[in-house]
Amino acid sequence: MASTDPYRLPTEVTPNRYDVRLRPSLDDATFDGNVSILLDVDVPVDTLMLNAAELTIESCLVDGQPATWQLDDENERLVVECPTTITGPSAQLEISFEGILNDKLRGFYRSTYVDDDGITQVIAASQMQSTDCRRAFPCWDEPEFKAVFGITLDVADGLTAISNGPEIDRVTADGRTVIRFADTMKMSCYLVALVVGRLEATEPIDVDGTPLRVVHVPGKQHLTAFGLDVGAYCLRWFEDYYGISYPSDKIDLVALPDFAAGAMENLGCITFRESLLLLDPATSTQADQQNVADVIAHELAHMWFGDLVTMRWWNGIWLNEAFATFMEVAACDAYRPSWERWTNFGLERTFAFEVDSLASTRPVEYEVRSPADCEGMFDVLTYQKGGALLRMLEQYLTPEVFRAGVGRYLRTHAYGNTETNDLWDAIEDTSGEPVRRIMDSWIWQPGYPQLSATLTKGGDGSTRLSLTQSRFSFPDPARADQGSDATVWVVPVHVRNGGVTQTLLLDSAGPLHVALDDPEGPVVVNAGGHGFSRVAYDTTLRDRLGDALADLDTLERYNLVDDAWAAAVSGQLSAVEMLEFIKTFEGERDLAVWQAITTALRGLSRLVDGDALAAFREQVRTLIRPAVDDLGEPTSGESPLVSQLRGLLVSTMGVLGNDPDTIDRCRVVLATAAHADQPTDPELLAAATSVVAATGGVEDYERMLDVFRHGDTPQEQLRNLYALTSFDDAELIRRTCEFAMGDAVRTQNAPFVLRLAIANRHHGGLAWEYVRDHWETAVERFPSNTVVRMIDSVKLLTQPEQVDDVQQFFTAHPIKQALKTQEQVLERQRVNAAFHVRNAADFAAHVG
């Protein structure tokens, strides 16, 4: 059996069922096992080809007869020579093997924690997505090869073992326990889950017939109630939304000390970073709680969209993740309406806009061939842009029509594999709208449009709105080919005027002329704020909106600020104009809008130093102080968004404004929290931590280091760990970098510590030099998917010598598993440097 594609297996023989038995040895980080695979054989074959990596093969049997084999390490394949020709229609392949519990947090890997007696305990855990199941046992490691999995784990007595299905049998003898789990549904092997260690589980709660538990290291049960509540609510909500029962027998939510991703949607056994599952509502911020709820909802959404119905190949992973992103927001908006989750999603969408404004962006869906290509798909364009496009489509069709199409898609393709168009066709069939034409224009083309809105006169002399579209992009000084771009999208547009909202499709460059109910009144383009486009208004329309800010909803006002900041970065507005525009929002009191404002203020602050920075800080204080005064102190029962806004503004006042009174207030908050019987307001405590770190010294550093080591919750520990990157002290930043490279910081977190250190306003260059000088160590030590995230903040280093150093270094050190993302980071650095050159002198003169 020959395969000309080094990354795709032949399809003449496919797996129907796996019976896997694994025996992990936690003490020496090894495992051995055997797998029996029932095969469907379509044509006679003499060889079998499947995936295996980092495994030692002990024996192979084909239909009970010994067979020879050969490992192709480069292509991660096992080729089995059959003793006789297999003619079908079925065959049985049995393989015995040995492997290692690696420390790279992929495949079947080793995680650790220190128990109350100071003893290091080992957990064997799994992370199979995208192409790492082959490191646990030989398999057809492609999503299209769905099969039933029967898992058996042979573990030392006293250990907990869990997998996808519920436990159905256990036998104990000679110090070992053999645990057999119920068969899974037909699924892809990247969804197989294996967890073994000294762990505890909550009592299961019954969610309409499905038992739900949280599994955790000993001593953390008090942090499980919130996750259980979210999980139970979302499971019911998804069953109702999809109109399809949960497709398995149980759900375990498993908190792991070491986990490279945020979480993983293994059927029935969802794995998480501890900080994204275990939480104390009394001491956590609204953002902490939202993060946990989001991730739980996201993974549960996958049980249907991803597990029950799966993409045929990894080019379609964007739809799995985009849909789960969309559904997480929808579910959490229902779970906690007070969070205003769809408004907050506007901030996440901005992250996608930032990347999609680059020449080096990519289409949402593109060709994926190798495992490295697969890894590169897990980015902001897959999650946030994809989710935002689905929200745009839902709002165009109406939620009810969109939901009907999704249900039809899932019922039609249950237990199967699909391509992207299958979803568009299902929604088109139920809606009657040109869904495929709309979505193809967004999925297969990179970038997004800016809609230009102007007032013009019609042939009858009436005033009308004229809309045109053109691709929005940031200018890159390194690209000589950046000129006009003729890309056109099929853009759903909502226009509000005179109390009436019109829903339109702009499917050409334009102009599209729109009649107005109130030609003298304000006009809101992208009404509701959910379109994936920016809007540039002519002067008259912009002035009208400025006079009618109170009539706009929060997301619409957010978009005004966000679009203006993008215009400043692109050169359509100057930094001076941006600052003056921000000042018109001094009466703003909604969190989302202030999040956009503070983002712009942080960007503007990097244009100035010395006296000009001091003058800019005074303007920041003048802008923010009225809102801080209005918010006052926390009160019982106030909205969580009010609490979060207070925290944001106090942090901005202290860090960006360098306000002495705020700094003193934050020191009091930290001191009080250290000795209080009752929890301090979490938002103020988080803000105080950031302010004291940015303005503090060695004693503060040592105190935060101690909280990281001994904090009561994962969120508190991480907050203080990341605060170590904010000190305005070169030696402390160097110490933080060294600390991140040591054993005290888990490899899942260390790259993010270094990223924040590089983002340090005053000493980021020093942190970059440390990472540069320890590059090989970092690449070897950290999970491969975190390496490009570690260097994301080099885009903030805009001095010419820094730009040259970074650009040259990565020319010589490509991040092979994330080449496209690396290219985008480097382009954004050049864009930021050009923004600095274009604006720094005039801005300094203006604020000074």
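Going by the structure above, here's the rest.
Residues numbered from 1 in each chain as written. Predicted model: local features only at pLDDT ≥ 70, side-chain atom pairs only at ≥ 80, totals over all residues. Heavy atoms only, no water.

1. A few points about the sheet that holds strand 28 (residues 512–515)
Inference 1: Spatial ordering of the open sheet is given by 28-25-24-30, a layout of four strands whose pairing is mixed. Looking at the sheet topology across the chains shown, the edges are occupied by strand 28 and strand 30 (534–537). Neighbour-to-neighbour, the strand axes of the sheet open up by a mean angle of 30°, direction not taken into account.
Inference 2: Examined bridge by bridge, strand 24 (residues 449–457) and strand 25 (residues 463–471) share nine bridges and lie antiparallel to one another. Bridging from a neighbouring strand, A453 pairs with L467 of strand 25. (Pairing = 2+ DSSP bridges. Helix = DSSP H or I, 4+ residues; strand = E, 2+ residues; numbered from the N terminus. Axes fitted to C-alpha atoms, helices over the stretch in contact; angles between N-to-C directions.)

2. Thoughts on helix 10 (residues 539–547)
Inference 1: Taken together, the buried positions of helix 10 are occupied by L541, R544 and L545. Projection of helix 10 onto a plane perpendicular to its axis shows the buried side chains occupying an angular sector of 100°, all on one side.
Inference 2: Structurally, helix 10 contributes buried residues whose contacts are with strand 24, strand 25, strand 29 (523–525), strand 30 and helix 11 (554–570). (Buried < 20%, exposed > 50% of the residue type's maximum accessible area, 1.4 Å probe, protein only. Arc of directions from axis to C-beta. Contact = heavy atoms within 4.5 Å.)

3. Description of the packing of helix 12 (residues 575–583) against helix 14 (residues 610–631)
Inference 1: Between helix 12 and helix 14, whose axes approach to 11 Å, the crossing angle comes to 20°. With respect to helix 14, the element helix 12 is oriented roughly parallel. By crossing handedness, the relation of helix 12 to helix 14 is classed as left-handed. The residues of helix 14 that touch helix 12, namely those facing L579, I582 and K583, are F616, Q619 and L623.
Inference 2: When grouped by side-chain class, the residues that make up the contact of helix 12 with helix 14 number four nonpolar, one polar and one charged. (Parallel < 35°, antiparallel > 145°, perpendicular 65-115°, else oblique. Left-handed = near helix turned anticlockwise from the far one by under 90°. Nonpolar A, V, L, I, M, F, W, Y, C, P; charged D, E, K, R; others polar.)

4. A look at the sheet that holds strand 26 (residues 491–497)
Inference 1: Strand order in the open sheet formed by three strands is 27-26-29, and the pairing between neighbours is antiparallel. Looking at strand neighbours, the two that pair on one side only are strand 27 (500–506) and strand 29, the edges of this open sheet. The sheet shows a mean angle of 20° between the axes of neighbouring strands, taken without regard to direction.
Inference 2: Bridge count between strand 26 and strand 27: seven bridges; the pairing is antiparallel. Each residue of the ladder has a partner; that of H494, found in strand 27, is T503.

5. Digging into unusual backbone geometry
Inference 1: Look at the link from G88 to P89: it is a cis peptide, with omega at 5°.
Inference 2: Omega for the bond connecting G510 with P511 falls within 30 degrees of zero, at 10°, which places this linkage in the cis form.
Inference 3: Within the secondary structure, P511 is located in the loop between strand 27 and strand 28.
Inference 4: Not every positive phi belongs to a glycine, and D174 is a case in point at roughly 55°.
Inference 5: Relative to the helices and strands, D174 is located in the loop between strand 13 (167–173) and strand 14 (176–181).
Inference 6: Unlike most non-glycine residues, N658 shows phi in positive territory, near 50°.
Inference 7: Examined against the element boundaries, N658 turns out to sit in the loop between helix 15 (640–655) and helix 16 (660–675).

6. Details of the pairing of strand 8 (residues 90–100)
Inference 1: Residues of strand 8 alternate between two faces, with A91, L93, I95, F97 and G99 buried on one and S90, Q92, E94, S96, E98 and I100 left unburied on the opposite face.
Inference 2: Alignment of strand 2 (residues 30–41) against strand 8, held across eleven bridges, turns out to be antiparallel. Looking at strand 8, one finds that D40 is bridged to S90.
Inference 3: Taken together, the seven bridges between strand 4 (residues 55–62) and strand 8 define a ladder with antiparallel strand orientation. Opposite L61, over in strand 8, you have E94 as the bridge partner.

7. Details of the nonpolar core
Inference 1: Counting 237 residues, the largest nonpolar core has F137, F238, Y242, L604 and F616 as the members making the most contacts within it.
Inference 2: With 13 residues, helix 3 (residues 317–335) is the largest single contributor of residues to this core.
Inference 3: Ignoring anything within four residues of it in the chain, the contact list for F238 reads G243, A297, L300, A301, W304, M327 and A331.
Inference 4: Core analysis: the second largest hydrophobic core is formed by 54 residues, A693, M704, C737 and W775 among them. (Core = buried A, V, L, I, M, F, W, Y, C linked by side-chain atoms within 4.5 Å.)

8. Some details on the environment of A359
Inference 1: Structurally, A359 is set in the loop between helix 4 (341–356) and helix 5 (371–376).
Inference 2: Note: C-alpha distance between A359 and E823 (464 residues apart in sequence) is 9.8 Å.

9. Overview of helix 18 (residues 698–710)
Inference 1: Taking 1.5 Å per residue as the helical rise, helix 18 with its 13 residues ought to reach 18 Å, and the 18 Å between its terminal C-alpha atoms agrees with that figure.
Inference 2: Along helix 18, the residues classified as buried are D700, Y701, M704, L705 and F708. Projected down its long axis, helix 18 shows its buried positions confined to an angular sector of 135°, all on one face. In helix 18, those exposed residues whose orientation departs by more than 90 degrees from the buried face are E699 and H710.
Inference 3: Each element contacted by the buried residues of helix 18 is listed here: helix 16, helix 17 (682–695), helix 19 (714–723) and helix 20 (730–740). (Expected span 1.5 Å × (residues − 1).)

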